[in-house]
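Listed below are the residues making up each chain.
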Amino acid sequence: MANKKLYLISGLGADQTVFNRLHLADFEVVFLDWIEPLKNETLGSYALRLAEKIKEPDASILGLSMGGMIASEIVRMNPGMRAVIISSNRTRHEFPPFLRFLARYFPLYELSTKFTMRMVFPVSSWILGAESPEDRKHLRGVIDRTNLSFVKWCIRSIVRWNLETPQPRIIHIHGTNDRLLPYRLVNPDYTIEGGGHLMIRNRAEELSALIRQLLMG
């Protein structure tokens, strides 16, 4: 019997290496590479174009962080699909209000350069929960490979995201120590005690078992 196909969508600025520690041998894994956003494109419109790469009407998607928001939009527009989202949020109301306010009305991120991103690395690594030398090395590599114009579009689209209602067929997994998307603001289906925003790497064994349980059942 052929393995079930599972589409992966990474987080802001990240690539498929962020999923490397997951054990997904039970699935036929397909990583959805980011596509170039159109000028002033919304998150919903972008998700609709990205979903053109998915051929199965009943596909399963695994979305991380911003990838979870994209997955929510894809499922909203494709009723036969389902998704597991990790370290993410299902609606705009679960995003920290003060971050939305700062990013929208004081968009300092528009001035970001690779130099400034490296300068604030100690803060960003703490926020994302990069606890080990290996995780910090991974995060530095992500920064080095980051397309700045794409990241700036991502932030603009996130703070303007207007999805109001949680979508059915989405299972949300969140960590209690997530500093970027605080646990108190979200309503997850499954909780990882002590998990941070980067738990996809440092809690990979636990998450792998849960993903298999949720999608193979």
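Residues numbered from 1 in each chain as written. Predicted model: local features only at pLDDT ≥ 70, side-chain atom pairs only at ≥ 80, totals over all residues. Heavy atoms only, no water.

Novice: Lay out the overall build of the protein chain in plain terms, naming residues and giving numbers.
Specialist: Along its length, the protein chain carries 9 helices and 6 strands. In summary, the protein chain has a C-alpha radius of gyration of 16 Å against a globular reference of 17 Å for 217 residues, a match within 12%. Taken along its principal axes, the extent of the C-alpha atoms in the protein chain is 50 × 40 × 30 Å. Evaluated residue by residue, the protein chain yields a buried proportion of 50% over its 217 residues. Of the contacts made within the protein chain by residues no fewer than 6 positions apart, 64% connect residues no fewer than 24 positions apart. Accessible surface, the protein chain as shown: approximately 10,800 Å² in total, 57% of it carbon and sulfur. Taken together, the 28 basic and 22 acidic charged side chains of the protein chain have centroids lying 5 Å from each other. (Helix = DSSP H or I, 4+ residues; strand = E, 2+ residues; numbered from the N terminus. Rg over C-alpha atoms; globule rule 2.2 N^0.38 Å. Buried < 20%, exposed > 50% of the residue type's maximum accessible area, 1.4 Å probe, protein only. Contact = heavy atoms within 4.5 Å. Areas by Shrake-Rupley, 256 points an atom, 1.4 Å probe, with all protein chains shown as cover. Lys, Arg positive; Asp, Glu negative; His and termini not counted. Charge placed at Lys NZ, Arg CZ, Asp CG, Glu CD.)

Novice: Run through the pairing of strand β5 (residues 170-175), naming residues and quoting values.
Specialist: β5 sits mainly inside the fold: 5 of its 6 residues count as buried. Note that strand β4 (residues 82-86) and β5 share 4 bridges and pair parallel. Each bridged residue has a counterpart across the sheet, and for V84 the counterpart in β5 is I171. In the sheet, β5 pairs with strand β6 (residues 190-192) via 3 bridges, with the strands oriented parallel. Pairing of G175 across the sheet is with I192, part of β6. (Pairing = 2+ DSSP bridges.)

Novice: Which residues make up helix α6 (residues 133-145), and what values do they have?
Specialist: Taking 1.5 Å per residue as the helical rise, α6 with its 13 residues ought to reach 18 Å, and the 18 Å between its terminal C-alpha atoms agrees with that figure. The complete set of buried residues in α6 reads D135, H138, L139, G141, V142 and I143. The elements touched by buried residues of α6 are α4 (114-119), α5 (121-128) and α8 (199-202). (Expected span 1.5 Å × (residues − 1).)

Novice: Please give an account of the sheet that holds β6 that cites residues and values.
Specialist: The parallel open sheet is built from 6 strands, whose spatial order is β2-β1-β3-β4-β5-β6. Two strands in the sheet have a free side with no partner beyond their single neighbour: β2 (27-31) and β6. The average angle at which neighbouring strand axes cross in this sheet is 20 degrees, direction not considered. Here 5 bridges tie strand β3 (residues 60-64) to β4, and the two strands are oriented parallel to one another. Among the inter-strand pairings, L64 is bridged to a residue of β4, identified as I86. Packing against the sheet, helix α2 (residues 66-77) makes contact with β1 (4-9), β3, β4 and β5, and its axis sits at approximately 145 degrees to β3. Running over the sheet, helix α9 (residues 204-216) touches β1, β2, β3, β4, β5 and β6 and is turned about 165 degrees from β4. (Axes fitted to C-alpha atoms, helices over the stretch in contact; angles between N-to-C directions.)

Novice: For the nonpolar core, give the residues involved together with the corresponding values.
Specialist: In this structure, I54, I61, I70 and I74 are the most contacted members of the largest nonpolar core, which totals 30 residues. Broken down by element, this core gets its largest block of residues, 6 residues, from α2. Listed in part, the 23 residues of the second largest apolar core include L6, L8, L64 and L207. (Core = buried A, V, L, I, M, F, W, Y, C linked by side-chain atoms within 4.5 Å.)

Novice: How would you sum up the confidence of the model for the protein chain? Please name residues and give values.
Specialist: If pLDDT is low for a region, its predicted coordinates should not be looked at in detail. When pLDDT is averaged across the protein chain, the result is 89; 95% of the residues are at 70 or more. β6 holds the highest mean pLDDT among the elements of the protein chain, 98, whereas helix α3 (residues 97-105) holds the lowest, 73. (pLDDT = per-residue confidence, 0-100.)

Novice: Lay out the packing of aromatic side chains in plain terms, naming residues and giving numbers.
Specialist: Taken as a whole and assessed by the stated rule, the structure comprises 6 aromatic pairs. Pairwise contacts between aromatic rings join W34, Y46, F150 and W153 into one cluster. (Phe/Tyr/Trp six-rings, centres within 6.5 Å; stacked < 30°, edge-to-face > 60°.)

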